[in-house]
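# Survey of secondary and tertiary structure
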Amino acid sequence: MDAITNFLGIFNDYIYQWILIPVLVGTGLYFTFRSRALQVRLFGKMLKVIAGSRDAEKGQISSFQAFAMGLAARVGTGNIAGVAIAIVLGGPGAVFWMWLVALIGMATAFVEAALAQLFKVPWYDGTFRGGPAYYIWKGLKSWKWGAAFAISLLFTYGIAFEFVQSNTFADTLKSTYGVNPIYTGIAMAIITAVVILGGIKSVAKVTELMAPLMALVYCFLALVIIFIHFDQIIPVFSSIFASAFGLDSAAAGTAGGFLAALLNGTKRGLYSNEAGMGSAPNAASTATTIHPARQGLLQSMGVFVDTILVCSATAFIILVSGLYTPGQESKLEGAALTIKSMSSTLGSWVEPVMTVLIFFFCFSTLIGNYVYAEVNMNYLFPRSQKATLLLRLTVVAAAYIGAVTKLSFVWTLADTSMFFMSIINLIAILLLSKWAFGLLKDYEVGGGESAFVSEGNTYLLGEIAESIWTRADAGKAH
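Residues numbered from 1 in each chain as written. Predicted model: local features only at pLDDT ≥ 70, side-chain atom pairs only at ≥ 80, totals over all residues. Heavy atoms only, no water.

## Brief notes about the environment of Ala86
Along the chain, Ala86 turns up in helix α5 (residues 77–90). Judged by relative accessible area, which is 0%, Ala86 ranks as buried. The spatial distance from the C-alpha of Ala86 to the C-alpha of Ala315 is 9.6 Å, given a sequence separation of 229 residues. (Helix = DSSP H or I, 4+ residues; strand = E, 2+ residues; numbered from the N terminus. Buried < 20%, exposed > 50% of the residue type's maximum accessible area, 1.4 Å probe, protein only.)

## Comments concerning the packing of aromatic side chains
Inspection of the entire model under this criterion finds 20 aromatic pairs. A centroid spacing of 5.3 Å and a plane angle of 65° characterise the contact between Phe359 and Phe360, whose relative ring orientation is edge-to-face. The exposure class assigned to Phe359 is buried, which follows from its relative accessible area of 16%. What links up through ring pairs into an aromatic cluster is the set Phe96, Trp97, Trp99, Phe237, Phe241 and Phe316. In this structure, Lys120 is placed above the aromatic ring of Phe128, and the distance from its NZ or CZ to the ring centre is 4.0 Å. Here the guanidinium or amino end of Lys138 rests over the ring plane of Trp137, the centre of that ring lying 4.1 Å away. (Phe/Tyr/Trp six-rings, centres within 6.5 Å; stacked < 30°, edge-to-face > 60°. Lys NZ or Arg CZ within 6 Å of the ring centre and 35° of its normal.)

## Brief notes about the state of the cysteines
Tallied over the entire structure, the rule returns zero disulfides. Unpaired in terms of disulfides, Cys219 finds its nearest cysteine sulfur in Cys311, a separation of 9.7 Å. (Disulfide = S-S within 2.5 Å.)

## With respect to the environment of Trp97
Mapped onto the elements, Trp97 comes out in helix α6 (residues 93–118). In this structure, the C-alpha to C-alpha distance between Trp97 and Gly269, residues 172 residues apart in sequence, is 7.5 Å.

## A look at the confidence of the model for the protein
The share of residues in the protein with pLDDT of 70 or more is 86%, and the mean pLDDT across the chain is 81. The weakest mean pLDDT in the protein belongs to helix α4 (residues 63–74) at 69; the strongest belongs to helix α7 (residues 132–140) at 94. (pLDDT = per-residue confidence, 0-100.)

## A few points about a nonpolar patch on the surface
Among the surface-exposed residues, Ile182, Tyr183, Ile186, Ile190, Ile191, Val194 and Val404 lie close enough to one another that they form a single nonpolar patch of about 650 Å² accessible area. Here Tyr183 lies in helix α9 (residues 181–196). (Patch = residues over 30% accessible without salt bridge, like charges linked within 9 Å, V, L, I, M, F, W, Y side chains within 5 Å. Areas by Shrake-Rupley, 256 points an atom, 1.4 Å probe, with all protein chains shown as cover. Salt bridge = Lys/Arg side-chain N within 4 Å of Asp/Glu carboxyl O.)

## A few points about α9
A rise of 1.5 Å per residue sets the reference length of α9, with its 16 residues, at 22 Å; its end C-alpha atoms lie 22 Å apart and thus fit the reference within 8%. Within the span of α9, buried status applies to Pro181, Thr184, Gly185, Met188, Ala189, Thr192, Ala193, Val195 and Ile196. Burial along α9 is one-sided: seen end-on, the buried residues are contained in an arc of 160°. Looking at α9, the residues exposed on the side facing more than 90 degrees away from the buried face are Tyr183, Ile190 and Val194. (Expected span 1.5 Å × (residues − 1). Arc of directions from axis to C-beta.)

## Describing the packing of helix α8 (residues 143–177) against α9
α9 packs onto α8 with a crossing angle of 135° between their chain directions and a minimal axis gap of 9 Å. If you check the angle between α8 and α9, you find them oblique. The chirality of how α8 crosses α9 is right-handed. Mapping the contact onto sequence places Ser166, Phe169, Ala170, Leu173 and Lys174 in α8 and Pro181, Thr184 and Met188 in α9. (Axes fitted to C-alpha atoms, helices over the stretch in contact; angles between N-to-C directions. Parallel < 35°, antiparallel > 145°, perpendicular 65-115°, else oblique. Left-handed = near helix turned anticlockwise from the far one by under 90°. Contact = heavy atoms within 4.5 Å.)

## Digging into unusual backbone geometry
The phi torsion of most residues other than glycine is negative, and most of the peptide bonds are trans. Phi at Arg36 is positive, roughly 55°, even though this residue is not glycine. Looking at where Arg36 falls in the secondary structure, it is placed in the loop between α1 (2–34) and α2 (38–41). Even without glycine at this site, Arg383 takes up a positive phi of about 65°. With respect to the helices, strands and loops of the structure, Arg383 is situated in the loop between α16 (350–380) and α17 (385–401). Assessed through its relative accessible area of 58%, Arg383 is described here as exposed.

## A few points about α7
A large share of α7 lies buried, amounting to seven of its nine residues. Inspection of α7 places Pro132, Ala133, Tyr134, Tyr135, Ile136, Lys138 and Gly139 among the buried residues, and these make up the whole buried set.

## Regarding the packing of α1 against α6
Closest axis-to-axis distance for the α1/α6 pair is 8 Å, and the angle between their directions is 70°. As summarised for this structure, α1 and α6 are arranged roughly perpendicular, according to the angle between their axes. You can see that α1 and α6 cross each other, and the crossing is left-handed. Contact with α1, carried on its side by Leu24, Val25, Thr27, Gly28, Leu29, Phe31 and Thr32, involves Val101, Ile104, Ala107, Thr108 and Val111 of α6 and no other residues of that element. For the contact of α1 with α6, a count of residues per class yields eight nonpolar, four polar and no charged. (Nonpolar A, V, L, I, M, F, W, Y, C, P; charged D, E, K, R; others polar.)

## Brief notes about the pattern of salt bridges
Across all of its chains, the model carries four salt bridges by this definition. Arg129 is paired through a salt bridge with Glu374; the nearest N and O atoms lie 3.4 Å apart. Taken together, the positions of Arg129 in strand β3 (residues 128–129) and Glu374 in helix α16 put the pair 245 residues apart, joining distant regions of the chain. Classification of Glu374 as buried rests on a relative accessible area of 5%. If you follow the salt bridges from partner to partner, you end up with Arg36, Arg41 and Glu444 in one network.

Now the structure itself:
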C-alpha cells in the first residue's frame, strides 16, 4: 500500500504541475476575461438570485435545493481536513493559491453550470438530468466521450471521494475519542443508506437545510477565534503572501518552498471548490429555473462560499493556534489538527461540537457526491433501476470501506481520479464556452428577469436539438 501511495503521489505531482494546473488556471483566466469578470460584476446579482431561488413546483427540485446539493458536496472534508493538509505540506502560502483557484474558478463554475442547464433533459420522475456527460453528448455530439466522463466521475464520486468523507470522520473519532473505525464505518454506511435509498429528491430535502446551516455555524466559530486573536490578523496575512511566493523560507511547509505551496494549495483548492471538475454541474442541472444563467450564478457563488469563506476560516483557525509550526513535522494531521487548533483557543468544550460539525460536513458531502454519481449512472443506463440500486449499494459500501482505509492512500487516490475527469470536462467547456457566454448575454440583456427561449436565439451558436427551452413553454420554469 505504501509503495502504491508513493508512486501515485509522484505521478500526481507531475500531472498536476505540468498539465492540470496550467489548464485549470488558464481556463479560469480565459473565462474571467470573456465574461468581463462576472464574479466581480455580478456578485450582487448572485446574492439576489439566491434570495429568490426557493420556488419550484411540487415534485421538482428548486434552484436553491440544487445550489444546496452542490454546496453540500463542496463544503466537506476539503474545508476541514484538506486545508490542514495543504498548510502542513505547503506552508501558509498554500492558502493564497487556494484563494486564487477559487476566484478565477467562479467564472469556470458559471460556465459549466449554465451549460448543464442548457443541455439538460427531462427525467421520468419530474426532475431533470444533465451535466458534463450530457453537454458533451448534446453539445459536442459525442455520446462516447460523455460516457468516458461519466465512468470517470462514477469512480471518483461514487467510490474515491466517498472514501475520503468516511475516512475523515472515522479519523476524527479515533484521534479525539479513541473510537474504533470499524464502528464508525458501520454507522456511516447505515445512515447513508437511509438517505440515498430515497434518491436525489431525498438528498435535496436533507441538504437544503443541512448545508447552509453547517457552513454558518462553522464560520461563526471561526469569527469568534479571529476576534480573540485580532492582533494576529495582519501577521497571518503577511505569512500567507510571503510563503505563497517562497519569500519566507521559515514559512514553508514540510515539503518546502514555492512549488510545495503552489501544488498543495491548488490540489486542495480544486478538491474543495470543484470549479472545472465537472461535478457540481450534475446537481445544477436538476434544478427548475427560468434561465440557465441563473443557475450558473448560483453555482459560482457556491465556489465563493466554499473557499473564500469556509476554507479561509479553517486556515485562520490553524495559523493563530500556535499548534502548527511551518517547516516542522506535525503530530496532528487533517481534521484532528483543525479541531485541536480550535479547542486551543475556545477550550475543550468545542471538541464535541466540532465532531458533530465534521460529521455533518462529511455526511452532507457523501450524499451530495451520490447525486453526481446517480446523474451519470442515469446517463450510462437510462431508466435502469438495477444500475441505480447497484450504485446506491456501492456508495453505502464505500462509506464503510473508507472508514477503515489508510488516510494517505485515500487522499492520493482521490487526487489521481480527479485529474482524469477534470481534463475531460475542461476541454469540453472550452469548446462549448461560446454557448455559455451567449446565455450570459441573453440574461443580462433581459435584466435577469426574462424567461429563456433557445429557439431563434441570436445569442446562441445555433438551434439545440430536443431542447426543453421552447417558445411554446416560454415563461415556465424548467
